[in-house]
Amino acid sequence: MGSVRKASAWLGLVDDSDDERYYDDDYAEGPEPSDSWVTDPRVRVADEAAQDQGTRIATVTPDGFRDARTIGELFREGVPVIVNLTAMEPSDAKRVVDFAAGLTFGLRGSIERVATRVFLLTPADYRIVSGEAGRASGGFFNQS
């Protein structure tokens, strides 16, 4: 396809149906996704590789205290969990924080407040690196 035709196709002036680079038969007839909503198989492969390497981070936004079980199961598997409590009632949010504190203490992990009503639970084999040390040394963004 020539450059003028490519530009016309990009602008939608001509039909680019004869351009086969956008459609691949093997891609369309790949295996059905198991329990994932991701439609791009490359993302699924990257997710499986991350699961194999143990480099996953879960984000949980509980609606109530009943979702604390999900947090506990993920944390017991060794997955760091970000818990976003902004959608919860204050009394239930306090119960979830108490549960998370006990969970991290019992499994020798750590809990850290990331933002208002957002917490990071990390298992014992993870280390949290703060970005504060880089800012204190001055450098490119030091405008004083």
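Residues numbered from 1 in each chain as written. Predicted model: local features only at pLDDT ≥ 70, side-chain atom pairs only at ≥ 80, totals over all residues. Heavy atoms only, no water.

A. Geometry of the packing of aromatic side chains. Overall, the coordinates contain one aromatic pair when judged by the stated rule. Positioned over the ring face of Phe65 is Arg95, at 4.0 Å from the centre of the ring. (Phe/Tyr/Trp six-rings, centres within 6.5 Å; stacked < 30°, edge-to-face > 60°. Lys NZ or Arg CZ within 6 Å of the ring centre and 35° of its normal.)

B. Expanded view of the side chain of Thr104. Residue position: Thr104 is located in helix H5 (residues 90–106). By relative accessible area, which is 3% here, Thr104 ends up buried. Contact partners of Thr104, with chain neighbours within four places excluded, come to Phe75, Gly109, Ser110, Ile111 and Leu121. (Helix = DSSP H or I, 4+ residues; strand = E, 2+ residues; numbered from the N terminus. Buried < 20%, exposed > 50% of the residue type's maximum accessible area, 1.4 Å probe, protein only. Contact = heavy atoms within 4.5 Å.)

C. Focus on the pattern of salt bridges. Under the criterion given, the structure shown has four salt bridges. Residue Glu73 is joined to Arg69 by a salt bridge in which the shortest nitrogen-to-oxygen separation is 2.8 Å. Placement of both Glu73 and Arg69 in helix H4 (residues 68–76) is noted, with a separation of four residues, approximately one turn of the helix. Overall, Arg69 belongs to the exposed group, its relative accessible area being 62%. In this structure, Asp98 engages Lys94 in a salt bridge whose closest nitrogen and oxygen atoms are separated by 3.5 Å. Of this pair, Asp98 and Lys94 both sit in helix H5, four residues apart, which is roughly one turn of the helix. Look at Lys94 and you get exposed, because its relative accessible area is 55%. (Salt bridge = Lys/Arg side-chain N within 4 Å of Asp/Glu carboxyl O.)

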